[in-house]
Amino acid sequence: MHVVILPFLVAEISRADGRLYDSVFIVLPFVLLLLVFRVCARADSEFYLRTNRFIFAAIAIVTCSVAVLPLVKGSFTISAFFCGGLTFVVLWRRRRSVAVVFACLAIAAVSGAWVATGQPIGALPRFFVAQGPIVSGYSDAMSLNGARWELVIYGAVSIGLLGIFYTQFARRLGSMGLIAVASFGFTLFVCFKAGFVRQGGHALVAAGALLLAGYCVSAMTQSLLSLIVWALTVFGWAYIDQAHSRLDIAMASQRVHDTVARTCHGIKVRASTPQQLRSFFDQQNAAIRAQLPLPFVEGSVDMYEYELSTIFAHGLRWAPRPVFQSYSAYGSRLDELNVAHLKGRNAPQHVFLEVQPIDARLPALEDAGSWPLLLNRYRVVGRTGRFLVLDRNPSVANAPKMEDVSTTRQRLGRWFDLPKVGEPVWAEVGVRPTLLGRIFGALFRPPQLNILFRYEDGQTETFRYVAAMGHSGFIVSPVIHNTTDFAALLMKGRERFFSNALPASVEITGGKWTRLFWKRTFDVHLTRIELPLQPGAESFVYDEWVSDAPVNGRTVGAAQCWIDAINRRPVTMQPIDAKGPLLVQGWAAVSAEKGIGAEEVIVALLGDDGNVRAGRARVEHPEMSRVGFEAVLDTDNLNGIYKLQIYVRRQNQFFSCPITVQIRR
């Protein structure tokens, strides 16, 4: 019966996007240990598995599978090493020669797979060592909160399964049973971390792990207890899964059907028409090129932040930084590796850059140490879609000059002032966890921190703050929000551009229990950065004015629009005083209900004298019914009171939005 159940069980927890395979890979090393326990059991034991050549072949296959897991994903290393090491101990106590063969097979499998991917064998030990800062910093940097009841249900079911596993299986093994319990408990803990540190959709990994864990325990129990195990397991899995996917019986059946159908189709294609795989791959690359177009450039390239698939789809020569996705450079050591890469001879000749933070982080934190080098050693030469195009200046090799301003001791939850020095300000902030915070971070996730900015007009702005990313430093003033702001750092008129983005004071704070897990005081070292000005950078910052601006007489109907913010301030009924550039953000569509989007969005300023100035906004995803837009307009030559209105173009027809805002210059 267990043989029949297993394929359906794996099919149920597998999804087309591949996310939930993590639970299979994390539990697999424990399955290997159980298999070895049964082979090594006494011949008169009810758990004894009689060996033959097929059983030995199965053990060899599972051993090789577990051995290569660390090459699939770094987080699998912990489970593979822990359970694999305990498997070696069990074999060593039973028959040392077999244990040696097991170890040699595992080493040969991981080494062979490493070499097969084109990597030098001498780099394999360093690969494992390099996982350290990635794994250790994950809990703080990548954590996401979620429903607490999911944690409670998972914990309660896990304790129940662990208790039944001990009484029905491990206790009968004597002292060796402690190894079995330790392995099972550790596996459940790793699945807990995988599912609930970055909760959200990752909780489904923990749900799937419960099904697999229950399956393993039920195979070792009597019939009545087996029913209790399945009741516990299915309850825990269904509760967590339903919270994220609206699970019901029909959906559960459909998942199995879809997984089986995908598998059968994959086997059929590979057996009969394998050339379809290349054709499908080419189609997907073409779709990526259409969605994220890049110009062809000679020489090596890299991309900040993480849309790397478009580099491969365009056939460009990649020169990756060591931590090749900016959101993963979440510690001083990782950040320094990327900085050293930009200083070295293998630095890319071209960079496609988009400021693209995740989880509402402060944008300047991600690859923060590389920003001064990118701003000094590279020149902005173009803009393509969402990306700035930067070319390396071979005559410049270092970061810009930095001058000390101050070093002060600050406290969590208290505001501290920032200096007005006329240049961007760099901050090194030494917020560190307490001993309890380090322990809690290893076991689960520490409370999240936020960084708050307060501006001269009293407005405040909040971002997620990752403490380890702030140790080596980041640009704290002006506040950089997006790719346009990054380019404006090189612009001649940057002081005027950032007139609304220069914070007067900063606060780092957290939730109710923050002070138990983070030290209350920390040092803040501020320096002034002398960034070079780049002639012509304005063309990559401001959106172009259009000469044939639509007016009411040329519109054919009404559109649907909303203005979210002007100069990052909420829109009110009162006239808005706009100093510096005019930043307009919102969404627009011809008809959101009918799914008719906008091919172009135009921001028009209608003056009291009847003159009309209009700028073409940048549009995200024009194929969607509700299109987000953003316009950055140079208003130096404007003076007076203007009425701001949004126009939408579709098939060479203009539609006007009923919303208007009064702007005072």
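The rules we used
- Each chain has its residues counted from 1, following the order in which its sequence is written.
- The predicted nature of this model means local features are confined to residues of pLDDT at least 70 and side-chain atom pairs, given and counted, to a pLDDT of 80 or more, with totals for whole chains, interfaces and linings taken over all residues.
- The side-chain values count all of the structure's non-hydrogen atoms but skip hydrogen atoms and water molecules.
- Secondary structure follows DSSP: runs of H or I at least 4 residues long count as helices, runs of E at least 2 residues long count as strands, and numbering of each begins at the N terminus.
- For every residue, the accessible area (1.4 Å probe, protein chains only) is compared with the maximum for its type, and the residue is labelled buried under 20%, exposed over 50%, or partly exposed between those bounds.
- Whether two residues touch is decided by their heavy atoms; if any such pair falls within 4.5 Å, the residues are in contact.
- Accessibility throughout is a Shrake-Rupley quantity obtained with a 1.4 Å probe, and a residue counts as covered only by protein chains that appear here.
- Each pair of strands is called paired provided DSSP finds at least two bridges between the two strands.
- Cavity and pocket criteria rest on a 1 Å grid covering protein atoms alone: a 1.4 Å probe that fits but cannot get out defines a cavity, protein on both sides within 12 Å along at least 5 of 7 lines defines an open pocket, and an atom within 4 Å of a point defines a lining residue.
- Grid points are joined across faces, edges and corners, and a volume is the space filled by probe spheres set on the points.
- Put simply, a salt bridge is a Lys or Arg side-chain nitrogen that is within 4 Å of an Asp or Glu carboxyl oxygen.
- In this analysis, a patch consists of residues with relative accessible area above 30% that form no salt bridge, clustered at 9 Å for like charges and at 5 Å for the nonpolar side chains Val, Leu, Ile, Met, Phe, Trp and Tyr.
- Pairs were defined over the aromatic rings of Phe, Tyr and Trp, the Trp ring being its six-membered one, requiring ring centres within 6.5 Å. Orientation was assigned from the angle between planes: stacked under 30 degrees, edge-to-face over 60, tilted for the rest.
- By definition, being over a ring means that NZ of Lys or CZ of Arg is both within 6 Å of the ring centre and within 35 degrees of the ring normal.
- Only buried residues count toward a nonpolar core, which is a set of Ala, Val, Leu, Ile, Met, Phe, Trp, Tyr and Cys residues joined through side-chain atoms within 4.5 Å.

1. Quick notes on the overall build of the chain
Helix and strand counts for the chain come out as 19 helices and 25 strands. Expressed as a percentage of the 665 residues in the chain, the buried residues total 49%. Intrachain contacts of the chain at a sequence separation of at least 6 include 73% that bridge at least 24 residues. Carbon and sulfur atoms make up 59% of the accessible area of the chain, which totals about 31,400 Å².

2. Considering the sheet that holds strand β7 (residues 416–417)
With antiparallel pairing, the four strands of this open sheet are ordered in space as β7-β12-β9-β10. A strand with exactly one partner marks an edge of an open sheet, and here the two such strands are β7 and β10 (460–465). Here strand β9 (residues 449–454) pairs with β10 via six bridges, running antiparallel. Residue phenylalanine 453 lies in a different strand from β10, and its bridge partner there is glutamate 461.

3. A closer look at empty space enclosed by the protein
Tallied over the entire structure, the rule returns two cavities of 30 Å³ or more. Approximately 220 Å³ is the volume found for the largest cavity. Forming the boundary of the largest cavity are 19 residues, of which Asp485, Phe497, Ala501, Arg568 and Leu583 lie nearest the centre. Listing elements by their share of the lining of the largest cavity, those giving two or more residues are α17 (483–488), β19 (582–589) and β23 (627–633). Roughly 40 Å³ of internal volume is contained in the second largest cavity.

4. Regarding the pattern of salt bridges
If you walk through the whole model with that rule in mind, you get 26 salt bridges. Here glutamate 354 makes a salt bridge to arginine 386, at a shortest N to O gap of 3.0 Å. Linking glutamate 354 in the loop between β3 (350–353) and α15 (371–377) with arginine 386 in the loop between β4 (378–384) and β5 (387–392), this pair joins segments that are 32 residues apart in sequence. Grouping residues by exposure puts glutamate 354 and arginine 386 together as buried. With a closest N to O distance of 2.5 Å, aspartate 523 and arginine 409 form a salt bridge. Of this pair, aspartate 523 sits in strand β13 (residues 521–529) while arginine 409 is found in strand β6 (residues 402–411), placing the two residues 114 residues apart along the sequence. A relative accessible area of 37% means that aspartate 523 is categorised as partly exposed. Taken together, the salt bridges that share partners define one network made up of Glu544, Glu599, Glu600, Arg616 and Arg649.

5. Concerning a nonpolar patch on the surface
Among the surface-exposed residues, Trp149, Val152, Phe235 and Tyr239 lie close enough to one another that they form a single nonpolar patch of about 440 Å² accessible area. Breaking the nonpolar patch down by element, the ones donating at least two residues are α7 (148–168) and α10 (223–245). Position of valine 152 among the secondary structure elements: in helix α7.

6. As for the pairing of strand β16 (residues 560–566)
In terms of strand pairing, β16 meets β19 through six bridges, oriented antiparallel. Looking at the pairing, glutamine 560 lines up with alanine 589 of β19. Taken together, the two bridges between β16 and strand β17 (residues 569–570) define a ladder with antiparallel strand orientation. Within β17, the position partnered with isoleucine 566 by the bridge is arginine 569. Hairpin geometry of β16 and β17 is characterised by an intervening segment of two residues between the two adjacent antiparallel strands and by a positive phi of about 50° at asparagine 567.

7. Digging into the packing of aromatic side chains
Under the definition given, this model contains 28 aromatic pairs. Taking the centre distance of 4.0 Å and the plane angle of 25° together, the rings of phenylalanine 82 and phenylalanine 186 count as stacked. Residue phenylalanine 82 is found in helix α4 (residues 76–94), and its partner phenylalanine 186 is found in helix α8 (residues 176–196); the two are separated by 104 residues along the sequence. With a centroid separation of 5.5 Å and 70° between ring planes, the pair formed by tyrosine 154 and phenylalanine 196 is classed as edge-to-face. Separated by 42 residues along the polypeptide, tyrosine 154 in helix α7 and phenylalanine 196 in helix α8 bring together distant segments of the chain. Three or more aromatic residues joined by ring pairs make a cluster, and in this case those are Phe30, Phe37, Phe47, Phe165, Phe169 and Phe184. Against the face of tryptophan 415 rests arginine 454, its NZ or CZ located 4.1 Å from the ring centre. In this arrangement the basic side chain of arginine 613 is found over the ring face of tryptophan 545, its NZ or CZ atom lying 4.3 Å from the centre.

8. Details of the nonpolar core
Ranked by size, the top nonpolar core spans 62 residues in total, and within it Tyr154, Phe165 and Phe196 carry the most contacts. Looking at this core, the elements with two or more residues in it are α2 (21–40), α3 (53–72), α4, α5 (96–116), α7, α8, α9 (203–218) and α10. The greatest single-element share of this core, amounting to 11 residues, is contributed by α9. If we ignore the near neighbours within four places in the chain, the residues touching tyrosine 154 are Leu188, Cys191, Phe192, Phe196, Ala206, Leu210 and Ile240. With 37 residues, the next largest nonpolar core counts Tyr330, Leu362, Val479 and Phe517 among its residues.

Limitation: the analysis is restricted to geometry and does not speak to function.
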